[in-house]
Amino acid sequence: MIIERIIFNVVAFALFVIIFLKMIYRNDTNYTYILTAQAIRNCNRIYRSNF
C-alpha cells in the first residue's frame, strides 16, 4: 500500500513537471505562479501522507 502511494505520487509529480515545462516552453506563463503554489502545497500533503 505504501509502495502504491509512492508510485502514484511520483507519477503525479512527473506529469506536473512535464506540463509545467511545456507551458514555459510555449511562453504561456499566465498560470505559472498558481501552479507553483499548488505544487508546494501538494508536496506538503505528499510528505505528510507517506510518513
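Everything below is about the structure printed above this text.
Calculation rules
- Counting of residues starts from 1 at the beginning of each chain's written sequence and follows it residue by residue.
- Note on the predicted model: pLDDT of at least 70 is required for a residue's local features to be given, and 80 or more for side-chain atom pairs to be given and counted; whole-chain, interface and lining totals, by contrast, use all residues.
- To get the side-chain values, all heavy atoms of the structure are used, and hydrogens and water are removed first.
- Helix numbering and strand numbering both begin at the N terminus, where a helix is a DSSP run of H or I of at least 4 residues and a strand a DSSP run of E of at least 2.
- Note on classification: 1.4 Å probe, protein chains only; a residue is buried when its accessible area is under 20% of the maximum for its type, exposed when over 50%, partly exposed between these limits.
- Areas reported as accessible are Shrake-Rupley estimates using a 1.4 Å probe. Residue values count occlusion only from the protein chains shown.
- One fewer than the residue count of a helix, multiplied by 1.5 Å, yields its expected span.
- Residues forming no salt bridge and having over 30% relative accessible area are the ones grouped into patches, like charges within 9 Å of each other and nonpolar side chains (Val, Leu, Ile, Met, Phe, Trp, Tyr) within 5 Å.
- When a carboxyl oxygen of Asp or Glu is within 4 Å of a side-chain nitrogen of Lys or Arg, the pair counts as a salt bridge.

How do you make sense of the overall build of the chain when you look at a structure like this?
For the chain, the helix and strand inventory stands at two helices and zero strands. Here the chain holds 51 residues, and the buried ones make up 14% of them. When the accessible area of the chain is evaluated, it comes to approximately 4700 Å², of which 68% is carbon and sulfur surface.

Teacher, can you tell me more about helix α1 (residues 2-25) here?
Think of an α-helix as 3.6 residues a turn; residues three or four steps apart then line up on the same face. Helix length check: α1, at 24 residues, gives a terminal C-alpha distance of 35 Å against a target of 34 Å (1.5 Å per residue), a fit within 8%. Listed as buried for α1 are N9, F20 and M23. Trailing α1 by a residue or two, N27 shows a phi angle of about 65°, which is positive.

Is there a simple way to explain the environment of N42 in this structure?
If you trace the backbone, N42 turns up in helix α2 (residues 32-50). The spacing of N42 and N9 is 33 residues in sequence and 9.6 Å in space, taken between C-alpha atoms.

In this structure, what is going on with a nonpolar patch on the surface? I would like to understand it.
Together, I3, I7, V11, L15 and I18 line one region of the surface with nonpolar side chains, adding up to about 490 Å² of accessible area. In this fold, I18 is placed in helix α1.

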